[in-house]
Amino acid sequence: MKLVVIGLGQCGCRIADEFANLNKIARAQRGIQIVSGAFAVNTDAADLSGLKHIKPDYQYRILIGGRKTNGHGVGKINELGAEIARSDGDKVIDSIRSVKSLFEADAFLLVASAGGGTGSGSIAIITKLVKDRWPDMPVYDCVVLPFEHEQETEERTIYNCATCLKAVNSVADAVFLVDNQRYVAKDFSLMNNLSKINSMIVSPFYNMLCAGEEKKQKYIGAKTLDAGDIMATISGWTVIGYGQSDVGRIRLPFEQNRNFIRKNMETNKGIQAMDAAIGDLSLGCNPADAGRALYLLTAPVKEMNMELVKELGDYVRDLCPQATIRSGDYPREKGNLDITLILSELKQVEKVRKYFERSTRYIPEVKKRREDASVSLKELEDAAKDVPSLLD
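Residue indices begin from 1 for each chain and proceed along its sequence in written order. Where local features are concerned, this predicted model is filtered to residues with pLDDT of at least 70; where side-chain atom pairs are given and counted, the filter is 80 or more; whole-chain, interface and lining totals use all residues. Water and hydrogen atoms were dropped before computing side-chain values, which therefore reflect all heavy atoms in the structure.

**Description of the sheet that holds strand E7 (residues 236-246)**
Item 1. Strands were regarded as paired on the criterion that DSSP finds at least two bridges between them. Every helix listed is a DSSP run of H or I at least four residues long, and every strand listed is a run of E at least two residues long, numbered separately from the N terminus. Spatial strand order, E3-E2-E1-E4-E5-E6-E7-E10-E8-E9: 10 strands in an open sheet with mixed pairing. Edge strands, defined here as strands with exactly one partner in the open sheet, are strand E3 (61-63) and strand E9 (324-330). Averaged over all adjacent pairs, the angle separating strand axes in this sheet is 20 degrees, with direction ignored.
Item 2. Examined bridge by bridge, strand E8 (residues 292-298) and strand E10 (residues 336-344) share seven bridges and lie antiparallel to one another. Paired with Leu294 across the two strands is Ile342, which belongs to E10.
Item 3. On top of the sheet, helix H5 (residues 118-133) reaches strand E1 (3-8), strand E2 (35-42), strand E4 (107-113) and strand E5 (139-145); it is set at about 165 degrees to E4, its chief contact. Note on geometry: axes are lines fitted to C-alpha atoms, helical ones only across the stretch in contact, with angles between N-to-C directions running from 0 to 180 degrees. Contacts: residue pairs with any heavy atoms within 4.5 Å of one another.

See the structure below:
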């Protein structure tokens, strides 16, 4: 599956940059193209300059709102981000249109942080413009939810998240939800390892995108997972996870016991990888709430057998009893058994619901504060009315 990736705002641009790097890795390691074009869209010129992998010319690094922000961002005011996207959105569409490999793409993926200003405000606007211009291609959004410390110290973050999530859910064909806080738990320093966190957000997409683009016969699975399977699965609120097990050569003491012992161990390794994928989902959720699910088994061809495929299928069915389930295999890895898991059409997303609830409490509080501030300023002006002015 080939994507056109559009990053919006600081966070979105950095993740789009990681997708551009992932495409370089796919081309170098597997001879496969998985990103037809990667674009960075921002109101902050410095952030655009700091990217490493997206092409450096103005066609791919797009500065919007220059007259209103002077290239210095919108200061977490996502309404301003939305306004700029409405006025400068044509610049983004024109840049995408000029990419020669656009016709090869299967879908668009737009990425932004829900808690920021530029990305949070612009992602729904640009999503709608892209859908209007290319109505036959699916448009997916990937929305990154803020760290806990941002939510606790910056009230505006909750409001931005709620308005962003409501808007993207109304226009995108599917919304991948990514909780930044889940990656902090992996003991990476927040200050020094943001790039590592962004890489961890992107890496679960690797095998899934490569599988359907594989050209070498020996790496084409018995049940190929292609773009059609992925597009038929992804809808509404969506999460993605990735798990891995080491399947290095198993040494057995008795040759006559080799077959049934090895098969049992291979099956256990598969379940272990699936458990890891569930535990590593981009947002915590109840798998039983999924209306659609997809998993990809990536392993050395000798490690794949019907018993393993059946056990994995039964396991996912138990987890997602109401879901339509699709699966595929990709005989690629050496020494590892990998599982990529997507749960989509989620009926309940507790974290999103909490953003909506907290935002509805925040809005009247802000209104009251503004009213109180206006009263205080008026009282201050009245107290100064008899003081002579030096300007007269």
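**Description of the packing of aromatic side chains**
Item 1. Between the rings of Phe, Tyr and Trp (Trp by its six-membered ring), a pair exists once the centres lie within 6.5 Å; its type follows the angle of the planes, with under 30 degrees stacked, over 60 edge-to-face, and the other angles tilted. Under the criterion given, the structure shown has four aromatic pairs.
Item 2. Note on Phe19 and Phe205: the rings are 5.4 Å apart at their centroids and 65 degrees apart in plane angle, and the pair reads as edge-to-face. Pair noted here: Phe19 is in helix H1 (residues 9-30) and Phe205 is in helix H10 (residues 205-211), with a separation of 186 residues, a long-range link.
Item 3. To sort residues, take the accessible area from a 1.4 Å probe on protein chains only and compare it with the maximum for the residue type: under 20% means buried, over 50% means exposed, and anything in between is partly exposed. Relative accessible area serves as the criterion here: at 2%, Phe19 is assigned to the buried category.

**Considering the environment of Asn160**
Item 1. Within the secondary structure, Asn160 sits in helix H7 (residues 155-171).
Item 2. The exposure class assigned to Asn160 is buried, which follows from its relative accessible area of 0%.
Item 3. The sequence separation of Asn160 and Leu281 amounts to 121 residues, and the corresponding C-alpha distance is 23 Å.
Item 4. Those residues within four positions of Asn160 in sequence are excluded, and the remaining contacts are Lys76, Asn78, Ala114, Gly115, Gly116 and Ser120.
Item 5. A polar atom in the side chain of Asn160 sits 2.8 Å from the backbone oxygen of Gly116. Two N or O atoms count as a polar contact when they lie within 3.5 Å, although within protein this holds only if one can serve as hydrogen donor and the other as acceptor, and sequence-adjacent residues are included solely when both atoms are side-chain atoms.

**A word on the packing of H5 against H7**
Item 1. Their axes nearest at 8 Å, the elements H5 and H7 cross at an angle of 10 degrees. Accordingly, the angle class assigned to the pair H5 and H7 is roughly parallel. Here Ser120, Ile123, Ala124, Thr127 and Lys131 of H5 lie close against H7, whose contacting residues are Asn160, Cys164, Ala167, Val168 and Val171. When describing relative orientation, an angle under 35 degrees is termed roughly parallel and one over 145 degrees roughly antiparallel, while 65 to 115 degrees is termed roughly perpendicular and anything else oblique.

**Concerning unusual backbone geometry**
Item 1. Positive phi values are uncommon outside glycine, yet Glu345 reaches one of about 50 degrees.
Item 2. On the secondary structure map, Glu345 appears in the loop between E10 and helix H14 (350-383).

**So, the environment of Val74**
Item 1. Residue placement: Val74 occurs in the loop between helix H3 (66-69) and helix H4 (78-97).
Item 2. When the C-alpha positions of Val74 and Gly121 are compared, they lie 9.8 Å apart, and in sequence the two are 47 residues distant.
Item 3. Not counting the four nearest positions on each side in its chain, Val74 is found in contact with Thr43, Thr69, Leu80, Gly81, Ile84, Gly117 and Thr118.

**A word on the state of the cysteines**
Item 1. Note that a disulfide, as used here, is simply two cysteine sulfur atoms within 2.5 Å. All told, the structure shown has zero disulfides when counted by the stated rule.
Item 2. Of the cysteine sulfurs around Cys11, a residue in no disulfide, the closest is that of Cys142, at 8.3 Å.
Item 3. Unpaired in terms of disulfides, Cys13 finds its nearest cysteine sulfur in Cys11, a separation of 9.2 Å.
Item 4. Take Cys13: its relative accessible area is 1%, and that puts it in the buried class.

**Some remarks on the nonpolar core**
Item 1. Residues belong to a common nonpolar core when they are buried Ala, Val, Leu, Ile, Met, Phe, Trp, Tyr or Cys residues joined through side-chain atoms within 4.5 Å. Counting residues in hydrophobic clusters, the biggest one holds 118 residues, and the most contacted among them are Ile6, Ile34, Ile96, Phe108, Val130, Val143 and Leu343.
Item 2. Looking at which element gives the most residues to this core, the answer is H1, with eight residues.
Item 3. Beyond its immediate chain neighbours, meaning those up to four positions away, Ile34 contacts Met1, Lys2, Leu3, Leu22, Asn23, Ala26, Tyr206, Leu209 and Cys210.

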